[in-house]
2 protein chains.
Amino acid sequence: MFRIIKQSGAARRGEFETVHGTVQTPAFQNVATCGAIKGALSALDLKEIKTQVMLCNTYHLHVRPGDNLVKDMGGLHKFTRWDGPILTDSGGFQVFSLAGLRKITEEGVTFQSHVDGRRIFMGPEESMMIQSNLGSTIAMAFDECVENPATFQYAKDSCARTYRWLVRCQKKMQELNASGKAVNPHQLLFGINQGCTFDDLRIEHMKQIADLDLDGYAIGGLAVGEPKEEMYRIITAIEPYMPKAKIRYLMGVGTPGNILEAVRRGVDLFDCVMPSRNARHGHLFTWNGIININNAKYERDESPIDPQCDCPTCRHFSKSYIRHLFKAKEMLAMRLCVMHNLYFYNTLMERIRQALDEDRYEDFYRANVDLLDTRI
Amino acid sequence: MFRIIKQSGAARRGEFETVHGTVQTPAFQNVATCGAIKGALSALDLKEIKTQVMLCNTYHLHVRPGDNLVKDMGGLHKFTRWDGPILTDSGGFQVFSLAGLRKITEEGVTFQSHVDGRRIFMGPEESMMIQSNLGSTIAMAFDECVENPATFQYAKDSCARTYRWLVRCQKKMQELNASGKAVNPHQLLFGINQGCTFDDLRIEHMKQIADLDLDGYAIGGLAVGEPKEEMYRIITAIEPYMPKAKIRYLMGVGTPGNILEAVRRGVDLFDCVMPSRNARHGHLFTWNGIININNAKYERDESPIDPQCDCPTCRHFSKSYIRHLFKAKEMLAMRLCVMHNLYFYNTLMERIRQALDEDRYEDFYRANVDLLDTRI
């Protein structure tokens, strides 16, 4: 299902085939938490901004509108009208970061909904069931996201439990896919590497999960506040133990610089709310660095956000107009800026792929790794 | 500039030629208060929803970003990227309904900005200057919007002053167009009929302004809370005194039923925030009446808002998905619903024109006048 076309050091240029289409990697997934990208983007817009994979949040959709409703509506693809690949997270991250009062046992986690306070139980089987109801292309294993910093002993125990949960996830997903009732009977399952910032735990856990022959492998629990050097060190440490023939996904990362570094260390897939969240505050990525559209110097600037960009926003609208829309609190401001920032990220990935195709990734990396995160 | 193609009783099927394109009448203008239609619609979207004329608010644009800035950016067309006709109101209505503390003299009105409280003076010359800076296709005369109910004497004095202001508007607009510095040297000027709910004042005022040979004539000060029968009575009363060869615009109206009634009484042009405002609350127009998408009965409804509608929203998305987006407070909910409601209004006008073209307006009117305002 995953095929490496070209390699440059640890960096990989690949293709990931799914029932909903082939993903050219390295790729950046665009986050549509509740089944829509914030900033009033619909599935129709995603085609225009070169989106390859839409990522939806299992926890949010379970709470509202409910995964049973989504299943009744034919699954996420039919519900949202996005016909490309969809990845759903496991709900684990939100359970541990967003929900109220929670209790972890071997079975799973009991927590309170952030919407109506009702008690919900979610374990590996429940997460798989929900994701099966959503009918995503790729389901993520249910894991514990340990708070950083954690003690070695806590991290070790948690890793062991997350492994036992993964075995249960795999079993349940196989059952669901074979049940004859699944929205997408070809649903894929990715395992998630954990182990906090302890390299030996990370490696040990990676070795364990590699043996399960899953459809892909993610690195979880990073980009949660640790220094970026620590993140890079961990990726480098576990990379040799990640199956070469499987797609690799660094969850929740990151800045353009983070992505360039991680690709260089052998990562194929990314996701982050940064481009859309920054856009909603007027912080915009350009090929010369990051600008704040609210800056007074753009008041009469007739040029597009980025003269090098051919996104739907830059092809038509000026900085002056977009800045005005922000000041006037017009929703259109957010839409235009989210379109731009996601297009920038999707184009960044395209250029990374081109550089890999043309055997010049190191040059591309060096030219952009610091530049793209610079505020100008 | 205005040409009547066909007439059916008082109803007129016409064409209004401007430097920014020809408007097929009867027509409904789509309101873009600050240079963008609320609900994250851009100029590019307007083509898709059959918009003919975009209406912008002079007062709002004067306060923010400032008409001088818009002029520096090449005018509203270049600023917003909408290349069709734009009508700007005079600012009068907002000055009288939105701004703080105001004082009316023969010269004009002093008032406080609703944004930063600063004192602004606006009279006929200032309004023309601002609209000239905005470079709209059609400027509206600066008038006093008298509160309803008003005494006969107040209304009479106000009408006389609004007439004197109109004469000054016409003089100023001619100067601005001839100055060699106007963004749009072909800017048109519409006069506005006032007179509260007093038929004799309305008729007297209409006769006076008809003599000025303006580019179009509007009926102002209606749809401000009076019973709709009163509005229809006034239109019927003044219609014989409105120049036959000029386009006629009923300001701020209204429901589909209001429009059908007014077309029947000889009105050519409309505007109203109702379709976009209702859409933002999930109240949606259909060819069977008005629905509230928040209603629980649509929770699992896979059909579009209106099976008879071929707007971008109805062609792709289900009631179930749109209802979910509202519940999850996703901006996309508003965008999809505003697109639908404006498309409904623009299609209503298209069907009115077809009915007039095919000499069956009375049938069309009777079939829809009550139906379309019904809540289902």
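Structure: see above.
Residues numbered from 1 in each chain as written. Chains lettered and ligands numbered in written order. Predicted model: local features only at pLDDT ≥ 70, side-chain atom pairs only at ≥ 80, totals over all residues.

**Q** Just checking my understanding: could you explain the packing of helix α12 (residues 319–327) of chain B against helix α13 (residues 331–357) of chain B for this structure?
**A** Helix packing geometry: the angle between the two helix axes and the distance between the axes. Residues and elements named next belong to chain B. Running from amino to carboxyl end, α12 crosses α13 at an angle of 130°, the nearest separation of the two axes being 7 Å. Between α12 and α13, the angle falls in the class oblique. The way α12 lies across α13 gives a crossing that is left-handed. From α12, Ile-322, Leu-325 and Phe-326 reach across to α13, where they touch Leu-332, Ala-333, Leu-336 and Cys-337. A breakdown of the residues in the contact of α12 with α13 according to their chemical character gives seven nonpolar, no polar and no charged. (Axes fitted to C-alpha atoms, helices over the stretch in contact; angles between N-to-C directions. Helix = DSSP H or I, 4+ residues; strand = E, 2+ residues; numbered from the N terminus. Parallel < 35°, antiparallel > 145°, perpendicular 65-115°, else oblique. Left-handed = near helix turned anticlockwise from the far one by under 90°. Contact = placed C-beta atoms within 7 Å. Nonpolar A, V, L, I, M, F, W, Y, C, P; charged D, E, K, R; others polar.)

**Q** Got a minute to help me understand the sheet that holds strand β2 (residues 11–18) of chain A in this structure?
**A** Across a sheet, paired strands are connected by hydrogen bonds in the backbone, their directions being either parallel or antiparallel. All names here are of chain A. Ordered by their spatial adjacency, three strands build an open sheet running β1-β2-β3, and the pairing between neighbours is antiparallel. Two strands lie at the open edges of the sheet, namely β1 (2–8) and β3 (21–25), each paired on one side alone. For this sheet, the mean inter-axis angle between neighbouring strands, taken without regard to orientation, is 10°. Note that β2 and β3 share five bridges and pair antiparallel. The residue bridging Thr-18 from the neighbouring strand is Gly-21, located in β3. (Pairing = 2+ DSSP bridges.)

**Q** In this structure, what is going on with the pairing of strand β7 (residues 100–104) of chain A? I would like to understand it.
**A** Residues and elements named next belong to chain A. A small share of β7 lies buried, amounting to zero of its five residues. Pairing analysis gives three bridges linking β7 to strand β8 (residues 109–112), with the strands arranged antiparallel. Counted as the bridge partner of Ile-104 is Val-109 from β8. Hairpin connection, β7 to β8: the antiparallel pair is bridged by four residues. (Buried ≥ 20, exposed ≤ 12 C-beta atoms within 10 Å, placed from the backbone.)

**Q** Whenever I open this one, helix α9 (residues 228–238) of chain A confuses me. Can you help?
**A** It helps to recall that an α-helix has 3.6 residues per turn; residues three or four apart then point in one direction. All names here are of chain A. Along α9, the residues that are buried comprise Met-231, Ile-234, Ile-235 and Ile-238. Relative to the axis of α9, the buried residues are bounded by an arc of 100° and lie together on one face. Summarising the contacts, the buried residues of α9 are in contact with β11 (188–193), α8 (199–210), β12 (216–219) and α10 (256–264). (Arc of directions from axis to C-beta.)

**Q** Got a minute to help me understand the sheet that holds strand β4 (residues 27–31) of chain A in this structure?
**A** Residue and element names in this part refer to chain A. Around the barrel, which closes on itself, the eight strands sit in the order β4-β5-β6-β10-β11-β12-β13-β14 with parallel pairing between neighbours. The sheet shows a mean angle of 30° between the axes of neighbouring strands, taken without regard to direction. Each of β11 and β12 touches α8; the most contacted strand, β11, lies at about 160° to it.

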